[in-house]
Amino acid sequence: MSERAAEVTAQPTPRTRRRPARSIRLIAGVLAATLFILPLLWMVVASLRPLGLPMPLRIQWWPDPATLSNYRAIFHVVPMARYAANSVIVIVTVIPLTLLTTSLAGFAMAQVPARMRDLLVATLVAALMVPLMAVWLTRFMVYKWLGVLDTLGVLIVPGLMGSSPLYVLIMFWAFRRAPIGSFEAARLDGASAPRIWWSIGLPQVRPALMAVTVLSFERHWGNFLDPLLYINNPRWYTLPVALQGLQQLHPSDWPLMMAGAVVVTLPAVVVFIVAQRYFLREYDEGNPFQ
Amino acid sequence: MMLSPVLLGLTLLIIVPALMTIPLAFTRYDALSSPEWLGLGNFREMLHDGMFFNGLRASLVYVLLAVPIRLLGALLLALLLHRPGRGRTFIRGAIYLPTVVPDIAYALLWLYIFNPLFSPLNVFLPLFGGRGSTPAGWLLNGTSAQVAIAIVLFWTLGEGFVLLMATLQDIPRAMLESAAIDGASRWQVLTRITLPMLAPMLLLIIFRDTIRSFQANFVATVILTNGGPYYATSYLPFWIWQNAIDYQRFGYAAAMTLVLFAVTVVAIALQFVVVRRWRTGYFE
């Protein structure tokens, strides 16, 4: 209130007005950041506590003694290594597949006649709105028919549609921003469509490729429901399922569970931090809802 | 040609399964014998299924609770942090971080935070005088368990936050400054300029969040409460899941899925009508 009064009467220059506001913003921002990181910090701290220790009576920001033994133990309690291998197999196949299908489709959509393009955008947006619930039962039958049920295939096949309609749209928006004249020129020079896509199209949409890589990594790496629903054979379990196994086997060994949670979370966080720039910027440019 | 993989994938994984749900809803199907036509039987059964209404009510309460607090949180954080400044990259990244944590790890983390014995929140017990309902016991009571699930999912508001921040950065700075020079208070600038310009994005976030919220709490529910205590968190998706997976009643599950879908559509339509009225009233 006092600030408002001051503005009306004195009309101070923007600089003097903003200085205290700026540090208030910084303090509030740091507080918010702390609030959002705190749960993750607790996860790490808990994972370093030796098993079987009684609960701490005071705030313990660092366990004493700290140990990494839980990280070794989880690999013995459940076949964590095999599950990790399965997760990696899924990631290294589904992400290239996603990049391929989304970029091909986005490239094509940027060049088809306007009416067809609008129809495709409408279809993708509608597909985005279909709740997962409406398809999870019946996908079971589709997977069975495709013969991928109970294999890693159920986690890879979604790459065919670009993992999510949103990623196809992101690619489309990126290609639409690229100068279409360069594609036309190459076509007049006799280059084939796949060649134009590869050597002229793709280099122009690197940020979008990066964004789709990160988004689809987070989606597939953390995918818990699909393996839970469509994979019965423990041979093909992935890391998120391993975590649930850990919880069921040792429901009160929090340090073990938290160590498992850290192992599953770490790659997702590292990828996010490395790619944060592209990731956040792409949201900025390719407004997903326009 | 270049579109064919995506179109094939969309057809196989979204269009066909979504359409298949419709006829399935009118049958009895256990995935072993072939489906048996029931007509409206499944829907008639639903009318007498207390668990169905319990789940529907819990889901609606959850959406009414989670969507507004997530939106408000994302909006406040975006307003606070959209301008460039010291430490912004770190702060924005930190706020987004819980959103990238895999669902299951995230749920286990909160199970740890809410567990009565080893909860890191227990150190705050003396602040409450050691009495009353402490966070660590929240999962043991129906109402507080519902609140707890909503709190857990509040932390994953990263997407709305980033989208709102991007929209705020697109608002021409000169517009805000000239309003301030004309003597508009900060509150007036916010309500007369910033919020109306944000309105389309706010609306889209509300729509998207509503659709997702009906199912977003599924993993958290399975891990944190398993539908309890006393079915307080047996949200509709959870009950559908139990019918399909545990009871092998795919037809009934499909029928409930259709109802859930219809409820979602009605919720979106209602929001649309309300917002349209608000906007037209606003510009008059």
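Conventions we followed
Residues numbered from 1 in each chain as written. Chains lettered and ligands numbered in written order. Predicted model: local features only at pLDDT ≥ 70, side-chain atom pairs only at ≥ 80, totals over all residues. Helix = DSSP H or I, 4+ residues; strand = E, 2+ residues; numbered from the N terminus. Buried ≥ 20, exposed ≤ 12 C-beta atoms within 10 Å, placed from the backbone. Contact = placed C-beta atoms within 7 Å. Nonpolar A, V, L, I, M, F, W, Y, C, P; charged D, E, K, R; others polar. Core = buried A, V, L, I, M, F, W, Y, C linked by C-beta atoms within 7 Å. Domains from an automatic or database assignment. Axes fitted to C-alpha atoms, helices over the stretch in contact; angles between N-to-C directions. Parallel < 35°, antiparallel > 145°, perpendicular 65-115°, else oblique. Left-handed = near helix turned anticlockwise from the far one by under 90°.

What follows covers the overall build of chain A. Check the secondary structure of chain A and you find 14 helices and 0 strands. Seen in sequence order, chain A has helices and strands lined up from the N terminus as α-α-α-α-α-α-α-α-α-α-α-α-α-α. Buried positions account for 40% of the 290 residues belonging to chain A. Put simply, of all contacts in chain A between residues at least 6 apart along the chain, 77% involve residues at least 24 apart.

Bringing the overall build of chain B into the picture now. Each helix and strand counted, chain B has 12 helices and 2 strands in total. Overall, chain B shows an N-to-C arrangement of helices and strands of α-β-β-α-α-α-α-α-α-α-α-α-α-α. Long-range pairs, those at least 24 residues apart, make up 70% of the contacts in chain B with a sequence separation of at least 6.

Attention shifts here to the interface of chain A and chain B. Taken together, the contact between chain A and chain B spans 70 residues of the former and 66 residues of the latter. Looking at the side of chain A that touches chain B, the elements that each hand over two or more residues are α1 (2-10), α2 (14-47), α4 (80-109), α5 (114-129), α6 (133-146), α11 (206-221), α13 (239-249) and α14 (254-285) of chain A. In terms of residue count, α2(A) provides more of the side of chain A that touches chain B than any other element does, 15 residues in total. Considered class by class, the residues forming the side of chain A that touches chain B number 52 nonpolar, 10 polar and 8 charged.

Residues Met171(A), Ala261(A), Ala107(B), Leu108(B) and Phe161(B) are the most contacted members of the largest nonpolar core, which totals 161 residues. For this core, the element with the highest residue contribution is α4(A), accounting for 12 residues. The residues touching Ala107(B), leaving out its near neighbours within four places in the chain, are Val219(B), Ala220(B), Ile223(B) and Leu224(B).

It is worth spelling out the environment of Asn141(B) at this point. In this fold, Asn141(B) is placed in the loop between α5 (103-114) and α6 (142-154). Along the sequence, Asn141(B) and Ala232(B) sit 91 residues apart, while their C-alpha atoms lie 8.4 Å from each other.

Looking now at the domain arrangement of chain A. The domains assigned to chain A are domain 1 (2-47) and domain 2 (69-285). Listed by partner, the interface residues are 4 residues for domain 1 of chain A and 7 residues for domain 2 of chain A.

Residue and element names in this part refer to chain A. Where helix α9 (residues 180-188) contacts helix α10 (residues 193-204), the two axes come as close as 10 Å, and the packing angle between them is 140°. In terms of orientation, α9 and α10 fall into the oblique class. In the packing of α9 onto α10, the handedness of the crossing is right-handed. Within the contact between the two elements, α9 uses Ser182, Phe183, Ala186 and Arg187 and α10 uses Ile196, Ile200 and Gly201. Residue classes in the contact of α9 with α10 are distributed as 4 nonpolar, 2 polar and 1 charged.

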